[in-house]
Amino acid sequence: MSEVIEARNIKLNVEASDWRDSMIKSGQLLVDSEYITKDYIDLTIKCVEENGPYIVIIPGLALSHSRPDVSVKKTGLSLITLSKPVCFDCDNDPVDIVLTLAATDDTFHLEKLQSMAEFISDEDNIEFIKNAKTTEEVAKAINEFETEE
């Protein structure tokens, strides 16, 4: 299987002032590695403003995303952990891990998303991410995670 996430798209112990700032900082990793343009970050924030904090999919973890768009250059994921959790004003608050998913179409990203979903569904893996010391160890754990076939 192809790589789920690149180490350069992971940043640990990021300071964010609020939920919007956390989404901007997670998305900025994908801007910096040329997966998306800044316009995609604006779309992800607009989704939450219009639809509420549905992106907080499990306690402590938000999956920032929007529909496929011209602002997405290639499908990818980013991940940040926060030095201080932020609130999205939902039952799964506070959030201290923010993933950003950018997809070029409606189906190509599903394999990456499925792998990430299976990885984060294990509470031990969430704790591992929160306590990780390097981006490389997080990327290696996610990319080498064996999904049940």
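Please refer to the structure higher up on the page.
Residues numbered from 1 in each chain as written. Predicted model: local features only at pLDDT ≥ 70, side-chain atom pairs only at ≥ 80, totals over all residues. Heavy atoms only, no water.

### A short note on the environment of Leu 43
- On the secondary structure map, Leu 43 appears in helix H2 (residues 38-51).
- Taking the relative accessible area as the measure of exposure, Leu 43 reaches 26% and is therefore partly exposed.
- In this structure, Leu 43 is in contact with Ser 66, Asp 69 and Ser 71, ignoring residues within four places of it in sequence. (Helix = DSSP H or I, 4+ residues; strand = E, 2+ residues; numbered from the N terminus. Buried < 20%, exposed > 50% of the residue type's maximum accessible area, 1.4 Å probe, protein only. Contact = heavy atoms within 4.5 Å.)

### Observations concerning the side chain of Thr 81
- With respect to the secondary-structure elements, Thr 81 resides in strand E4 (residues 76-86).
- From its side chain, Thr 81 meets the backbone nitrogen of Asn 13 in a polar contact 2.8 Å long. (Polar contact = N/O pair within 3.5 Å; in protein donor to acceptor, adjacent residues only side chain to side chain.)

### Observations regarding the side chain of Ser 22
- Here Ser 22 lies in helix H1 (residues 19-32).
- Judged by its relative accessible area of 0%, Ser 22 is buried.
- Within the structure, Ser 22 has its side chain in polar contact with the backbone oxygen of Trp 19 (distance 2.7 Å).

### A short note on the state of the cysteines
- By the definition in use, this model includes zero disulfides.
- Just so you know, Cys 47 is unpaired, no disulfide at all, and the nearest cysteine sulfur is the one on Cys 90, 15 Å from it.
- Cys 87 takes part in no disulfide bond, and the closest cysteine sulfur, belonging to Cys 90, lies 8.1 Å away.
- When its relative accessible area of 48% is taken as the criterion, Cys 87 is described as partly exposed. (Disulfide = S-S within 2.5 Å.)

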